[in-house]
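Now for the letters of each chain:
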Amino acid sequence: MNWADTILQGILLGGLYALFAAGLSLVFGIMRLVNLAHGDLIVLAAYLILVLVDTLHLNPFVALVIAMPIMFGIGWLLQTYVLNRTLGPDILPPLLVTFGLSVVLQNGLLQVYSADSRRIPSGYLDTASISIGSLHVGVMPLLTFLSAVAVILILNRLLYATELGRAFRATSDDAVTAGLMGIQPNRTFAIATGIAMTIVAVAALYLGTRSNFDPTIGPARLIYAFEAVIMGGLGSLWGTLIGGIVLGMAQTIGGAINPEWQILAGHIAFVLVLLFRPRGFFPRAVD
């Protein structure tokens with residue numbers, strides 16, 4: 001086994017998991033909302049990009065530019081007219097509503113697209129690679145990782161260097177007091193969910209170009225996102241990236257030892273992190 005190649009591939013895979021998890025981490029950090037439909041929304045965005053590519057004959061990255069504002073609108077509407085009504089001291093209503101949304105999305109996509117798996121064509125990028133010494137790195141995995149780093153950088157800049165970010169942090173600390181200072185918590189939450197959905201669109205692009213997808217794979221993507229968020233530390237964006245990398249490396253090392261162990265190895269790594277660092281690597285909420 002080439003350990004250097006295995007570890008490198010695990011790091012790059014971790015970039016995909018970090019993209020799955022970044023929007024989830026943002027929403028949890030700001031409003032303490034656990035969205036059980038997050039994985040299904042990634043799948044929905046993947047189908048949206050696929051439709052744009054097939055019907056308009058667009059490059060997938062051009063289709064992403066169109067899909068991002070559409071997903072922002074979906075997130076804004078979802079938060080404004082559904083999720084804001086469930087927020088409160090009891091965490092159960094948001095869980096039940098997002099679980100129901102997950103069921104609706106899966107069955108709706110099955111009705112429209114059937115259970116056949118699909119893939120977003122990316123042309124020569126499917127097989128393109130670059131050489132780093134004796135290692136060959138796929139262009140798409142590398143783009144995925146760089147996109148994950150870029151997303152984390154942009155989110156941190158947004159949170160800590162903009163007026164909107166200050167509103168996010170104030171609302172996260174105390175929504176009632178923030179409201180007295182002129183901030184509209186419900187509007188702030190809607191914007192946060194809209195931003196999370198634009199990140200979902202980026203994750204969907206790389207999900208759809210790197211592997212097949214179908215309407216039922218959302219819950220598995222949700223599990224990977226949860227594991228990355230929890231291992232990194234709830235609300236910590238850089239921690240989410242580290243959690244994704246640890247999960248990706250565990251899976252590639254487990255798969256290199258025995259292909260049947262790939263998914264199991266990631267779950268074992270998650271359990272070990274919980275045993276030794278129950279609050280994750282960088283436990284921090286958005287502040």
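Residues numbered from 1 in each chain as written. Predicted model: local features only at pLDDT ≥ 70, side-chain atom pairs only at ≥ 80, totals over all residues. Heavy atoms only, no water.

### Examining a nonpolar patch on the surface
Here's step 1: Together, Ile-257, Trp-261, Leu-264, Ile-268, Val-271, Leu-272, Leu-275 and Phe-276 line one region of the surface with nonpolar side chains, adding up to about 850 Å² of accessible area.
Here's step 2: The leading source of residues in the nonpolar patch is helix 11 (residues 262–276), at 6 residues. (Patch = residues over 30% accessible without salt bridge, like charges linked within 9 Å, V, L, I, M, F, W, Y side chains within 5 Å. Areas by Shrake-Rupley, 256 points an atom, 1.4 Å probe, with all protein chains shown as cover. Salt bridge = Lys/Arg side-chain N within 4 Å of Asp/Glu carboxyl O. Helix = DSSP H or I, 4+ residues; strand = E, 2+ residues; numbered from the N terminus.)

### Points about the nonpolar core
Here's step 1: Core analysis: the biggest nonpolar cluster contains 76 residues, and Phe-20, Ile-49, Leu-155, Phe-168 and Ile-195 have the highest contact counts within it.
Here's step 2: Per-element accounting of this core gives the leading share, 15 residues, to helix 8 (residues 185–210).
Here's step 3: Excluding its chain neighbours within four sequence positions, the residues that come into contact with Leu-155 are Ala-22, Leu-26, Ile-195, Ile-199 and Leu-237. (Core = buried A, V, L, I, M, F, W, Y, C linked by side-chain atoms within 4.5 Å. Buried < 20%, exposed > 50% of the residue type's maximum accessible area, 1.4 Å probe, protein only. Contact = heavy atoms within 4.5 Å.)

### Some words on the environment of Gly-179
Here's step 1: Locating Gly-179 in the fold gives a position in helix 7 (residues 175–180).
Here's step 2: Along the primary structure Gly-179 and Gly-29 are separated by 150 residues, whereas in three dimensions their C-alpha atoms are 18 Å apart.

### A short note on helix 1 (residues 3–31)
An α-helical turn contains 3.6 residues, so a residue and the one three or four places further along point in the same direction.
Here's step 1: In this model, helix 1 (29 residues) spans 41 Å end to end at C-alpha, consistent with the 42 Å of a helix rising 1.5 Å per residue.
Here's step 2: Its maximal kink placed at Ala-21, helix 1 deviates by approximately 35°.
Here's step 3: When you tally the buried positions in helix 1, you get 21 out of 29 residues, the bulk of the element.
Here's step 4: Where helix 1 begins, one side-chain oxygen reaches toward the backbone nitrogen of Ala-4, 3.2 Å away; that side chain belongs to Asn-2.
Here's step 5: Where helix 1 terminates, the next one or two residues include Arg-32, which has phi positive at roughly 55°. (Expected span 1.5 Å × (residues − 1). Bend = angle between axes of the 7 residues up to and from the residue. Polar contact = N/O pair within 3.5 Å; in protein donor to acceptor, adjacent residues only side chain to side chain.)

### A word on unusual backbone geometry
Here's step 1: Of note in this structure, His-57 is not a glycine but carries a positive phi near 55°.
Here's step 2: Residue classification places His-57 among the exposed residues on the basis of a relative accessible area of 68%.
Here's step 3: Of note in the backbone geometry, Ser-114 takes a positive phi value of approximately 65° without being a glycine.
Here's step 4: The class of Ser-114 is partly exposed, set by a relative accessible area of 29%.

### Some words on the packing of helix 1 against helix 8
Here's step 1: Orientation of helix 1 relative to helix 8, taken along the N-to-C sense of each, is 165°, at an axis distance of 9 Å. When the interaxial angle is binned, helix 1 and helix 8 end up roughly antiparallel. For the pair helix 1 and helix 8, the crossing hand works out as left-handed. Contact residues: Leu-12, Leu-13, Leu-16, Leu-19, Phe-20, Ala-22, Gly-23, Leu-26, Val-27, Ile-30 and Met-31 in helix 1; Phe-189, Ala-192, Thr-193, Ile-195, Ala-196, Ile-199, Val-202, Ala-203, Tyr-206, Leu-207 and Arg-210 in helix 8.
Here's step 2: Among the residues forming the contact of helix 1 with helix 8, the class breakdown is 19 nonpolar, 2 polar and 1 charged. (Axes fitted to C-alpha atoms, helices over the stretch in contact; angles between N-to-C directions. Parallel < 35°, antiparallel > 145°, perpendicular 65-115°, else oblique. Left-handed = near helix turned anticlockwise from the far one by under 90°. Nonpolar A, V, L, I, M, F, W, Y, C, P; charged D, E, K, R; others polar.)

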